[in-house]
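Breakdown of the fold
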Amino acid sequence: MLKSLIVAAFTLPLASVAIAQTANVSGYTDIDDIDVIGSDGGKIGEVETVLVDDAGMPVAVVVEINDGFLDLGDSDVIMQMDTLTWKDGRYATTMTSDDISGLPMWDD
């Protein structure tokens, strides 16, 4: 429930420039480990990090893609916020596996 509230608060500042200018962004990092669902309805990974612009507004997330056995060999990719929608307590994307494989990698 708390994660749902945090994510809801995360998406509200994106709805309006006026709201975004006064948004409290301190809770954005609390969306760690929220599932990301692919165009086929299956889990493709989970949010690992929120990336913000110079004004502190979220512009992308790092998603750990489930492509390894027991999380060995999993890769982290950068997904722009405009490719994600909030649905049923998780993020969803219409990106295909080919689209996702073309995303920039994140190396922390």
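A few points on the structure. Because the structure is a prediction, the values reported are computed rather than measured.

Cut-offs used in this document
Residues numbered from 1 in each chain as written. Predicted model: local features only at pLDDT ≥ 70, side-chain atom pairs only at ≥ 80, totals over all residues. Heavy atoms only, no water. Phe/Tyr/Trp six-rings, centres within 6.5 Å; stacked < 30°, edge-to-face > 60°. Salt bridge = Lys/Arg side-chain N within 4 Å of Asp/Glu carboxyl O. Buried < 20%, exposed > 50% of the residue type's maximum accessible area, 1.4 Å probe, protein only.

1. As for the packing of aromatic side chains
Applying the stated criterion across every chain yields a total of 1 aromatic pair. Ring geometry for W86 and Y91: centres 5.1 Å apart, planes at 75 degrees, overall edge-to-face.

2. Topic: the pattern of salt bridges
Under the criterion given, the structure shown has 2 salt bridges. Between K43 and D35 there is a salt bridge, with the nearest N and O atoms lying 3.1 Å from each other. Residue K43 is classed as partly exposed on the basis of its relative accessible area of 42%. Accessibility expressed as a relative area gives 26% for D35, which makes it partly exposed. Each of D35, K43 and E46 takes part in salt bridges that share partners, so that together they form one network.

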